[in-house]
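Working through the structure, step by step
One letter stands for each residue in the lines below.
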Protein chains: 2
Amino acid sequence: MIKRSVQRELIRNNLAHRTDHPTADMVYQSIREELPNISLGTVYRNLRFLVDQGDALSLKLGDGKEHFDGNVNPHFHFICTQCGCVDDIFMPSIDEICTTASKYYSGDIKGHSTYFYGTCPNCKTKH
Amino acid sequence: MIKRSVQRELIRNNLAHRTDHPTADMVYQSIREELPNISLGTVYRNLRFLVDQGDALSLKLGDGKEHFDGNVNPHFHFICTQCGCVDDIFMPSIDEICTTASKYYSGDIKGHSTYFYGTCPNCKTKH
DNA sequence: GTGTTTGCAAACCGTTTGCATGTCC
DNA sequence: GGACATGCAAACGGTTTGCAAACAC
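Here the structure is a predicted model, which is why all the values come from computation and not from measurement.

**Some thoughts on the protein's contact with DNA strand D**
The immediate surroundings of DNA strand D are formed by 21 residues, with Tyr44(A), Glu66(A), Met1(B), Lys3(B) and Ser5(B) found nearest. Counting only atoms of DNA strand D within 4 Å of the protein, the fraction found in sugar and phosphate groups is 69%. Within the contact set of DNA strand D, a base nitrogen lies 2.2 Å away from a side-chain nitrogen or oxygen of Lys3(B). One of the side-chain N or O atoms of Arg45(B) is found 2.9 Å from a base nitrogen in DNA strand D. Among the elements that make up the surface near DNA strand D, the one with the highest residue count is helix 3 (residues 40–53) of chain A (four residues). Split into classes, the residues belonging to the surface near DNA strand D amount to four nonpolar, eight polar and nine charged.

Printed below as a string of structure tokens:
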């Protein structure tokens with residue numbers, strides 16, 4: 001039986017209202033401003049919980065840290081190789097890509113994640 | 001100035017002749033059979049070297065370990081969520097996907113990685 | 001009351017690094 | 001001989017976990 005907790009609701013809410021694809025520590029630092037006694041372990045446990053429940057996405061961007069995304073609708077991600085920021089890219093064919101891949105693979109394809117790498121608009125204007 | 005070493009050539013060769021997308025430790029165990037004194041640090045250093053040189057790909061599959069791919073030609077990857085195996089998927093549109101994404105994003109997109117998740121043919125037949 | 005969640009701190013584990021030694025050119 | 005590479009072991013950093021106390025229902 002799942003019980004409510006202030007910590008979990010704060011974490012769920014924090015993730016739902018930000019679009020910067022934070023790491024566990026970023027969520028921890030943010031929550032600590034309103035609940036100073038929360039522990040990092042609790043943040044990790046609840047982020048894992050949310051991912052397992054399907055209420056958050058786990059992103060592996062290649063920087064050695066796990067990032068989290070409160071937007072569970074299928075979409076692509078862009079990672080800036082200069083500043084490390086992560087943006088969402090919504091474009092059509094997001095469903096077709098699996099269908100196409102299925103034709104080239106004999107197993108069952110149920111999901112996918114696509115990361116684009118390059119220079120974000122902000123870093124681009126700095127040169 | 002880059003110097004040759006037996007260790008580096010063995011690692012490069014090992015990666016080139018396998019398609020199972022091994023972790024550093026898997027390469028280490030494999031090389032140790034012919035060169036028992038090689039150290040794990042050397043394997044890590046040389047895999048990083050090969051990736052930096054563009055002679056190997058680094059894959060973040062979500063299992064917390066870095067995987068390596070000696071095939072640097074652009075292709076998609078399939079990861080079995082049951083056994084964890086990794087297969088290559090070669091299909092068209094691999095170049096188009098960046099072009100399409102560029103139309104939906106104002107930054108410079110220079111590369112991408114796409115992982116498909118599901119059940120591999122081997123695990124599928126077990127049920 | 002019973003089973004879940006928390007805070008804390010230690011453990012874990014993949015990876016990196018410092019350093020003395022060895023190797024290539 | 002000088003720059004680069006290695007082996008070893010310790011350090012590092014993100015994440016997980018064991019446990020007693022606190023909490024939800």
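**Remarks on the pairing of strand 2 (residues 66–69) of chain B**
Residue and element names in this part refer to chain B. Bridge analysis of strand 1 (residues 57–60) against strand 2 gives four bridges, and the strand direction is antiparallel. Among the inter-strand pairings, serine 58 is bridged to a residue of strand 2, identified as phenylalanine 68. Counted between consecutive antiparallel strands, the loop separating strand 1 from strand 2 contains five residues, among which glycine 62 sits at a positive phi close to 100°.

**Focus: the sheet that holds strand 3 (residues 76–80) of chain B**
Strands belonging to one sheet form pairs held by backbone hydrogen bonds; the direction of such a pair is parallel or antiparallel. As summarised here, the arrangement of the six strands in space is 4(A)-3(A)-5(A)-5(B)-3(B)-4(B), forming an open sheet in which the pairing is mixed. Bordering the open sheet on either side are strand 4 (86–89) of chain A together with strand 4 (86–89) of chain B, each of which pairs with just one other strand. If you compare each strand with its neighbour and ignore which way they point, the axes differ by 25° on average. The pairing of strand 3 of chain B with strand 5 (residues 108–119) of chain B spans four bridges and is classified as parallel. Directly across from Cys80(B), in strand 5 of chain B, lies its bridge partner Gly118(B). Strands strand 5 (108–119) of chain A together with strand 5 of chain B of the sheet are contacted by helix 4 (residues 96–103) of chain A, whose axis makes an angle of about 115° with strand 5 of chain A.

**A word on the interface of chain A and chain B**
Taken together, the contacts link 31 residues of chain A with 31 residues of chain B. When the two sides are added together, the surface that chain A and chain B hide from each other amounts to roughly 2,700 Å², 61% of it contributed by carbon and sulfur. In this structure, the connection of chain A to chain B is made through zero salt bridges. In this structure, the connection of chain A to chain B is made through five residue pairs in polar contact (both at pLDDT 80 or more). Counting residues per element, the side of chain A that touches chain B draws most heavily on strand 5 of chain A, at 12 residues. Tallied by class, residues from the side of chain A that touches chain B come to 16 nonpolar, 10 polar and five charged. Looking at chain direction, strand 5 of chain A and strand 5 of chain B are connected through 11 bridges and run antiparallel.

**Overview of the UniProt feature "binding site: Fe cation" (unreviewed entry) in chain A**
UniProt's feature table lists "binding site: Fe cation" (unreviewed entry) at His112(A), given in the numbering used throughout. By the secondary structure assignment, His112(A) is in strand 5.

**Some points on the environment of Met91(A)**
Mapped onto the fold, Met91(A) is located in the loop between strand 4 and helix 4. Spatially, the C-alpha atoms of Met91(A) and Glu9(A) are 31 Å apart, while their sequence positions differ by 82 residues.

**A few points about the domain arrangement of chain A**
Where interface size is quoted, it is often the accessible area lost as the parts come together. Residue and element names in this part refer to chain A. On domain assignment, one finds that chain A holds domain 1 (6–69) and domain 2 (76–126). Placing the centre of domain 1 and that of domain 2 at their C-alpha centroids yields a distance of 22 Å. Taken together, the seven residues of domain 1 in the interface contact seven residues of domain 2. Roughly 560 Å² of surface becomes buried between domain 1 and domain 2 when both sides are summed, with 56% attributable to carbon and sulfur atoms. Area buried by domain 1 at its contact with domain 2 is led by His21, Leu59 and Leu61, which between them contribute 68% of it. The interface formed by domain 1 and domain 2 contains zero salt bridges. Inspection of the domain 1/domain 2 interface yields five residue pairs in polar contact (both at pLDDT 80 or more). Per element, the largest residue contribution to the side of domain 1 that touches domain 2 is three residues, and it comes from strand 1 (residues 57–60). A breakdown of the residues in the side of domain 1 that touches domain 2 according to their chemical character gives two nonpolar, three polar and two charged.

Calculation rules
- Counting restarts for each chain: residues are numbered from 1 in the order of the written sequence.
- As they are written, the chains are lettered A onward and the ligands numbered 1 onward, keeping that order.
- Reporting of local features is limited, given that this is a predicted model, to residues whose pLDDT is at least 70; pairs of side-chain atoms are given and counted only at 80 or more, and all residues count toward the totals for whole chains, interfaces and linings.
- In computing side-chain properties, one takes all heavy atoms of the structure into account and sets aside hydrogens as well as water.
- Each residue is tested against the molecule or strand, and it is near if at least one of its non-hydrogen atoms lies within 4 Å.
- Polar contacts, as counted here, are pairs of nitrogen or oxygen atoms within 3.5 Å of one another; within protein the pair requires one atom able to donate a hydrogen and one able to accept it, and residues that are adjacent in sequence qualify only if both atoms are side-chain atoms.
- Runs of H or I in DSSP of at least four residues are treated as helices and runs of E of at least two as strands, each being numbered from the N terminus.
- When residue character is reported, Ala, Val, Leu, Ile, Met, Phe, Trp, Tyr, Cys and Pro are called nonpolar, Asp, Glu, Lys and Arg charged, and the others, Gly included, polar.
- By definition, two strands form a pair when at least two bridges between them are found by DSSP.
- For helices, the fitted axis covers only the stretch in contact; all axes are lines through C-alpha atoms, and the angles between them, taken along N-to-C directions, range from 0 to 180 degrees.
- It only takes one pair of heavy atoms within 4.5 Å for two residues to be counted as in contact.
- For any pair of parts, buried area is found by adding up, for both, the accessible area (1.4 Å probe) each one loses once the two are put together.
- The salt bridge definition used is simple: a Lys or Arg side-chain nitrogen within 4 Å of an Asp or Glu carboxyl oxygen.
- UniProt positions are given in the numbering used here, feature names are shortened, and annotations may be inferred rather than shown by experiment.
- An automatic or database domain assignment is the source of the domain bounds shown.

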